[in-house]
Amino acid sequence: MWYKDVKQFKEVSGYEIDGKWYPRVTRIISIKSKPALDIFYEQVGSISAAKEITNKSAEEGTKVHEAIEAIMKGEEPVYEDWLKPSVTAFKNFLSFQNIKVVPEHIERRFVHPDERYAGTIDTLATIDGKFGVLDIKTSAAIYRDYNMQTAAYIAALGKEFPKLTTRWILRIDQTQSCAKCKATMRTKGGREKIKTASSSKKCEAEGHEWQDTKGIIELKEFPFWRDDYGAFLAAKKLWEWENDYWLRQAGYL
Ligand SMILES: [Zn+2]
């Protein structure tokens, strides 16, 4: 990526905490290539169109985070109509899955002073008697890349919270199903993505019959994080190598 000056590099890539600058976890892991992104760009047809969808889905993702975090705090948030299926599904999920959070842990910023990186977690949580990092995703699936991110969180927060032993991904999504076949449609960032099944052929020609949007909640624990943390540190080294020019100017290297 191209930066105008070191000020811009520092703003985009990290946080200033107590007068010291640290790169962000999400920025560091962006060094890892994501082959799925190439497919996405190809499907969308142009880089500018892809960027528009990406930005809009990031905004939507922020709104989902805000609503879900408010509910975990015990608040009754005001939210836009389109995310009602997610909110309803999450409230329903909480009626049988207890997730205990302390409000001060939500959107908490942290630093790993020895490895010198920083980040912001969604929250820490207690689930089924275990204490861990809880990260909310609004993706179509739980991807392995998330493990690198959350391993960096555990490693950094472990000193302050010795009981921190695990991590979860809480995936929140919403889709529509066809009443006639097994196709589903997911609307994100203004883009409608249809997944068809082998039973969809005839229906595709006639037109699907989309039902009401339904929320999807998936909670998955990833207790073994050491190996992922090793991968994170390797990614960090590579990110530092690539940004060596700016990191020297920032006084980091
Ligand atoms: Zn159909």
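Residues numbered from 1 in each chain as written. Predicted model: local features only at pLDDT ≥ 70, side-chain atom pairs only at ≥ 80, totals over all residues. Heavy atoms only, no water.

A. Seen up close, the coordination of the zinc ion. At the metal site, the zinc ion is ligated by C178 (SG), C181 (SG), C203 (SG) and H208 (ND1), and these contacts range over 2.0 to 2.4 Å. For the zinc ion, the single-chain donor residues occur in sequence as C-x2-C-x21-C-x4-H. Within this pair, whereas C181 is found in the loop between β7 (166-177) and β8 (184-188), its partner C203 is found in helix α7 (residues 201-206), the two being separated by 22 residues in sequence. Residue C181 is classed as buried on the basis of its relative accessible area, which comes to 11%. Assessed through its relative accessible area of 6%, C203 is described here as buried. (Donors = N, O, S within 2.8 Å, 3.2 Å for Na, K, Ca; no water. Helix = DSSP H or I, 4+ residues; strand = E, 2+ residues; numbered from the N terminus. Buried < 20%, exposed > 50% of the residue type's maximum accessible area, 1.4 Å probe, protein only.)

B. Examining the packing of helix α3 (residues 35-44) against helix α4 (residues 47-72) more closely. Two numbers describe how α3 lies on α4: the axes approach to 8 Å, and their chain directions differ by 110 degrees. Looking at the two axes, α3 sits roughly perpendicular to α4. The way α3 lies across α4 gives a crossing that is right-handed. Contact residues: F40, Y41 and V44 in α3; I47, A49, A50, I53 and T54 in α4. Taken together, the residues that form the contact of α3 with α4 break down as seven nonpolar, one polar and no charged. (Axes fitted to C-alpha atoms, helices over the stretch in contact; angles between N-to-C directions. Parallel < 35°, antiparallel > 145°, perpendicular 65-115°, else oblique. Left-handed = near helix turned anticlockwise from the far one by under 90°. Contact = heavy atoms within 4.5 Å. Nonpolar A, V, L, I, M, F, W, Y, C, P; charged D, E, K, R; others polar.)

C. Quick look at the layout of surface pockets. Size it by volume and the second largest pocket reaches roughly 330 Å³. In this structure, the second largest pocket is lined by 21 residues; those nearest its centre are E60, W82, Q174, T187 and K188. Contributing elements (two or more residues each) for the lining of the second largest pocket: α4, α5 (84-94), β7 and β8. Examining the composition of the lining of the second largest pocket, we find that five residues originate from one element, β7, more than from any other. Classifying every residue of the lining of the second largest pocket by side-chain character gives six nonpolar, 10 polar and five charged. (1 Å grid on protein atoms, 1.4 Å probe; cavity = no way out; pocket = protein on both sides within 12 Å on 5 of 7 lines; lining within 4 Å. Points joined across faces, edges and corners; volume = space filled by probe spheres on them.)

D. Geometry of the pairing of strand β3 (residues 109-112). The alternating pattern of β3 places F110 and H112 on a buried face, while none of R109 and V111, on the opposite face, is buried. Two elements, β3 and strand β4 (residues 117-120), share four bridges in a ladder whose sense is antiparallel. Note that in β4 the partner of V111 across the bridge is A118. Where β3 folds back on β4, the antiparallel hairpin that results is connected by four residues, among which R116 adopts a positive phi of roughly 55 degrees. (Pairing = 2+ DSSP bridges.)

E. Region of interest: α4. Across its 26 residues, α4 extends 37 Å between first and last C-alpha, which sits within 8% of the 38 Å expected from 1.5 Å per residue. Remark: G74 follows α4 within two positions and exhibits a positive phi of approximately 90 degrees. (Expected span 1.5 Å × (residues − 1).)

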